[in-house]
Every structure is written in C-alpha cells, then in structure tokens.
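Notes for the structure review
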Amino acid sequence: MPIPYTPSTSYNNQNGSQNSGQFNNQNGNQNYGQYNQYSGYSYKSQARIKKEEKEAKAKAKLKEKMQKPLKTVVHPTRIIAYLVQLAITIVAYDFLRNHFMMLALYIVAAAPVADIILFIFLYKGLEVEFVAPERNVTRFSVGYMNLKVKNSSYAISFDLNAKLDVESPFYGDKNGMIFSLPCRAHEEYEHRIPVRYSMNGIYRYVIESITVRDMLGFVSLKKEMNSSAEVNVFPEKSLRADFDMSDMNRGMTESEETVKKGHDFSDVSDVREYIPGDKLMSIHWKLSAKRDMLMVKDRVSMSDQQMVVMVDLAGTAEQVDEVLTLAYAVTQRLIQDQTYVRLMWWSEGKYEFEERQIMNKDNLREAFASIYYETIYDDPYKTKGYMRSIRPELKAYANVCVINGAAEMVVVEQI
C-alpha cells in the first residue's frame, strides 16, 4: 500500500493550530499531502487511498491466480442452464404439439451427445507449442516468442487457455501468466509475444498444460503439453566499449602482471637487485622502498598461463547482474587486446571453483551460459578465502565483485 509522505507540521485553516502533518479543511474532511515549494500542499484524499488499496489487492489476487496450475473444471451453472432450457423445450412441445417444437426438442436433446463426440476429437487433435526463435539475446533487447496452436480436428472451442511459466534458475525467480487463445477448426495459429530482457541470465519458458472447453461450456478439460524453450541473455554488445583499463594496468603492474599484447604471464621465482637493462615494469617498488635500493623480480615464463578474472556471485539479484555485466565487459576487452583469459567463479552446488579458458567471444558466451546455472550466495568474502587456500599458486587476479553496493573490479594480490 502506498504511504503518502506528510510534513512534520501543517496548519488548520480555521484557527492556525499545528497538528501532526494532516490538514483539516473547513468541511472537516481529512486529507494527506506533502508540501511543494512552488505549488503548496498536494493532497491525496481517503477515497483515493482506498481506491489504490483496492487496486493493489486486485493485482495481488490476479498474481496469485496466475501462479496456480491449470486444472479440470466442471461448470455447474452451464449444466443447470442447459437443463432449464431442455425443460422449457419439453413443456413448449407438450403445449404446442407441432413439428417445429419437436425438431427443436430433438436438437436440444442431441446437442450434448454431439458436443461430447466433437470434444473428444478436439482434445486429441489439439497441440500447443512454445518456440524461442533466438536462443541467445542481449540485455535490454526486445525479442519475440512464438506460441503456436495447432488444431487437426474440425471441432472448435471458445475457451482455450495456456499457462506459461517463466523461470530464472540463476536468480531463483518464477512467474506465470495465462493466455487465452483462439481455437479454430482444422487450422494452425501463431501468437507472437513481445519480451524485453532487462537482466542477464537464462530464462526458461514452459507450458506444462492447457485447458480446453467444450462448445456447450460444460467442462474445461486439462491436457498436458510439456513444451519448453530456453533463452540466454548476455550483456549488451556496446556496453562499456570504452572501459578504462588504466586502474587494472596499474594494479597488475604492482603484482607483476600485465595485460599488454605480446607479454606472457609468469610466476615469480626470485627477488634480486636491479641490473641495468631490467624492465622498469619488473621493479618491486614496495620492497625497493623498504631496502632503499632497487629490487626486481625474476620470472619463470609460462606460456600457458593467462589473465585470471574471478567473478563473485555474491549479493542481490540486481548487484550480481551488474557484476556479470562488468565481468563480461572486462573479459571482452582483454580478448580484443589478444589476451587470453582464465575466467573463474565459485560453484555452490559443486563446492569448488569452476574455470573456463577464454580465447574468443564464443568461449566467453559458453562460460557465461554455465554461470547462469549456478546459485547466488550471500557471503562476499568466501571466494577470497577459498582462493587463498585452494589456489595459493595464483599471485594475483582480477576480482569482479560488489563493493559498497556497486559492481567494481579490483586486483587482488595473494601474499
């Protein structure tokens, strides 16, 4: 229920006395409002508040209805209405005794039999399929899903409902909606549903069942369908195309790593005094300051080592969504700079680190498709502790995580 904001003091227009933020007009009607420095108080009447409460309850009731599964339902009112109509036809025929009323009586009496026979053929010949034309899409894009109805019989129905469940395993969210579809005789029908993808992840669309109603409306019969489609949503292509890598480069210089093209990643084997000709990038500045002399790190080149990007899946759904977006942008930038990447994340289900070698955009999308099947966790510090104990050989890595409520990338040195 929306709660209006009220100022700490207001006035009564009759005697100027202060009250708790409510304004009483001359008629004594109570209104709630907030002060605007240009137009004064804006008021929301009790009638408006009650209307909003009623609308909120109606929306909540509709949402609850959408979550319930479809089921077979008998409609007693339609059956009673038919019996009343049949009784009226019998009385009319008994009173008039003419051929027209006799024909009407035969039609009314035979209608349920014909309805049952046609409904059997309709039930067997009806198929509903859900199709996703695009398996991979980008965030904030608008796509279309196709809901196909095929009726191979010559019967029709005036009430065909299909319940579509939309589930995101990554965020643990599930919603449902019911579509009322046309069902024409011996015809295929395709309904296009526009969808806007606002968050990264995998989205599973499932139609488990439908309900179809006979022409006389006596019963709505449930039929299992089990038609599904999945869509992977990746960060948009143009996002952070101008991402500033200077902070990352400075951090990686401190940990004796580099993201520049043509450099191999290596492990530090020893620390020695500076010799003319050594690269400035190899100087250990912290140790040099302590010893008051230039110290450099000797490296053991390992051509198969790569830039390690650690993705933290800790936080709220919105925060993790931004983490994924930033990790995707950083990794894509490294790929563009022809730097191979080892993408890592902690798997709560397997209780171990998952990692993928990223050499091109296809590898990146495959890795993110695997991340979408993981579970979001709450503790933002667990991955750093696990990394120190499980992967102590990693001297430094880029960590994409939530810091102060926002997605950030930091370079972590394991000492």
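Structure first, text after, so check above.
Residue numbering note: each chain is counted from 1, following its sequence as written. Only residues with pLDDT of at least 70 are given local features in this predicted model, and only at 80 or more are side-chain atom pairs given and counted; all residues enter the totals for whole chains, interfaces and linings. Values reported for side chains reflect all heavy atoms of the structure, with hydrogen atoms and water molecules removed beforehand.

So, on to the overall build of the protein. For the protein, the count of helices and strands is 8 helices and 21 strands. Burial classes: relative accessible area under 20% of the type maximum marks a residue as buried, over 50% as exposed, and values in between as partly exposed (1.4 Å probe, protein chains only). Per-residue burial for the protein yields a buried fraction of 40% across its 415 residues. In this description, contact between two residues means that some pair of their heavy atoms is separated by no more than 4.5 Å. The contacts of the protein with a sequence gap of at least 6 include a subset with a gap of at least 24, amounting to 67%. All accessible areas in this document rest on Shrake-Rupley with a 1.4 Å probe, and a residue is counted as covered only by the protein chains that are shown. For the protein, the exposed area adds up to about 24200 Å²; of that, 53% sits on carbon and sulfur atoms. Helix and strand definitions here come from DSSP, where helices need a minimum of 4 consecutive H or I residues and strands a minimum of 2 consecutive E residues; each element is numbered from the N-terminal end.

A few words now on the side chain of Arg 139. Among the secondary structure elements, Arg 139 is positioned in the loop between strand S8 (136-138) and strand S9 (142-151). By the criterion applied in these results, polar contacts are pairs of N or O atoms within 3.5 Å in which, for protein atoms, one can donate a hydrogen and the other can accept it, and in which residues neighboring in sequence qualify only through two side-chain atoms. A polar side-chain atom of Arg 139 sits 3.5 Å from a polar atom in the side chain of Thr 325.

Here we take up the sheet that holds strand S21 (residues 406-413). Note on pairing: two strands pair once DSSP finds at least 2 bridges between them. Strand order in the open sheet made by the 5 strands is S19-S18-S17-S20-S21, with mixed pairing throughout. For this open sheet the edge positions go to strand S19 (352-358) and S21, each flanked by a neighbour on one side alone. Strand after strand, the sheet turns through a mean of 25 degrees between neighbouring axes, direction not considered. Inter-axis angles, ranging from 0 to 180 degrees, are taken between N-to-C directions of lines fitted to C-alpha atoms, where helices are fitted over the stretch in contact. Seen against the sheet, helix H7 (residues 361-371) touches strand S18 (341-347) and S19 and runs at an angle of roughly 5 degrees to S18.

It is worth spelling out the packing of helix H2 (residues 76-96) against helix H3 (residues 99-125) at this point. Packing of H2 against H3 brings their axes to within 9 Å, and their N-to-C directions diverge by 155 degrees. The orientation of H2 with respect to H3, classified from their angle, is roughly antiparallel. Here H2 runs over H3; the crossing is left-handed. Where H2 approaches H3, its residues Tyr 82, Leu 86, Thr 89, Ile 90, Ala 92, Tyr 93 and Leu 96 are matched on the opposing element by Met 101, Met 102, Ala 104, Leu 105, Val 108, Ala 109 and Pro 112. Angle categories: roughly parallel below 35 degrees, roughly antiparallel above 145, roughly perpendicular from 65 to 115, and oblique for all the rest. Take the far helix as your reference; a near helix turned counterclockwise from it by less than a right angle gives a left-handed crossing, and one turned clockwise gives a right-handed crossing.

Once that is clear, we can look at the packing of aromatic side chains. What counts as a ring pair is set by centres within 6.5 Å for rings of Phe, Tyr and Trp (its six-membered ring), and what kind of pair is set by the plane angle: stacked under 30 degrees, edge-to-face over 60, tilted for all other angles. Per the stated rule, a full pass over the model turns up 13 aromatic pairs. Both rings, one in Trp 346 and one in Tyr 386, keep their centres 4.3 Å apart while their planes meet at 40 degrees; by these two values the pair is tilted. Linking Trp 346 in strand S18 with Tyr 386 in helix H8 (residues 382-390), this pair joins segments that are 40 residues apart in sequence. A connected cluster of aromatic rings, assembled from ring pairs, spans Phe 170, Tyr 171, Phe 234, Tyr 328, Phe 368 and Tyr 372. Against the face of Tyr 123 rests Lys 223, its NZ or CZ located 5.4 Å from the ring centre. Its guanidinium or amino end placed over the ring of Tyr 377, Lys 382 lies 5.0 Å from that ring's centre, counting from NZ or CZ. Counted as over-ring charges are cases with an Arg CZ or a Lys NZ within 6 Å of the ring centre that also lie within 35 degrees of the ring normal.

What we call a nonpolar core is a set of buried Ala, Val, Leu, Ile, Met, Phe, Trp, Tyr and Cys residues that are connected through their side-chain atoms within 4.5 Å. If you look at the biggest cluster of nonpolar residues, it comprises 72 residues, and the most contacted ones within it are Phe 130, Met 145, Tyr 205, Leu 313, Leu 324, Leu 343 and Phe 368. Ignoring sequence-local partners within four residues, the contact set of Leu 324 consists of Phe 170, Tyr 171, Asn 200, Pro 235, Val 311, Leu 313, Phe 368, Ile 371 and Tyr 372.

Turning our attention to the environment of Ile 403. Position of Ile 403 among the secondary structure elements: in strand S20 (residues 396-403). Among the residues examined, Ile 403 registers a relative accessible area of 31% and is labelled partly exposed. Taking the C-alpha atoms as reference points, Ile 403 and Gln 319, 84 residues apart in sequence, are found 9.7 Å from one another.

So, about unusual backbone geometry. Of note, His 186 is a non-glycine position whose phi angle comes to about 50 degrees, a positive value. Using a relative accessible area of 46% as the deciding quantity, one classes His 186 as partly exposed. Located in the positive-phi region is Asp 292, a residue other than glycine, with phi close to 60 degrees. By relative accessible area, Asp 292 is classed as exposed at 71%.

This part takes up the environment of Tyr 93. As for its placement among the helices and strands, Tyr 93 is situated in helix H2. Residues Tyr 93 and Leu 105, spaced 12 residues apart in sequence, show a C-alpha to C-alpha distance of 7.3 Å.

The grouping of Ile 80, Val 84 and Ile 88 at the surface amounts to a nonpolar patch, some 290 Å² of accessible area in total. The topology assignment puts Val 84 in helix H2. Note on Val 84: relative accessible area 44%, which makes it partly exposed. Each patch groups residues whose relative accessible area exceeds 30% and which form no salt bridge, using 9 Å between like charges and 5 Å between nonpolar side chains of Val, Leu, Ile, Met, Phe, Trp and Tyr. We define a salt bridge as a side-chain nitrogen of Lys or Arg found within 4 Å of a carboxyl oxygen belonging to Asp or Glu.

Before going further, it helps to spend a moment on the sheet that holds S9. Here we have 3 strands laid out as an open sheet, ordered S7-S9-S12, and antiparallel in their pairing. Only two strands of the sheet have a single neighbouring strand rather than two, namely strand S7 (126-131) and strand S12 (187-196). Across the sheet, the mean angle separating the axes of adjacent strands is 15 degrees when strand polarity is ignored. Two elements, S9 and S12, share 10 bridges in a ladder whose sense is antiparallel. Counterpart to Leu 147 in the pairing with S12 is His 191. The strands that H3 touches are S7 and S9; relative to S7, the one it contacts most, it runs at about 25 degrees.

The length a helix should cover is 1.5 Å for every residue beyond the first. Across its 21 residues, H2 extends 30 Å between first and last C-alpha, which sits within 8% of the 30 Å expected from 1.5 Å per residue. For H2, the full list of buried residues reads Tyr 82, Leu 86 and Thr 89. Buried positions in H2, seen along its axis, are confined to an arc of 60 degrees and lie on one side of it. Facing away from the buried side of H2, by more than 90 degrees, are the exposed residues Thr 77, Ile 80, Ile 88, Val 91 and Phe 95. On the buried face of H2, the contacting elements are H3. The positive-phi residue at the C-terminal boundary of H2 is Arg 97, with phi of around 55 degrees. As used here, the arc belongs to the directions running from the helix axis to the C-beta atoms.

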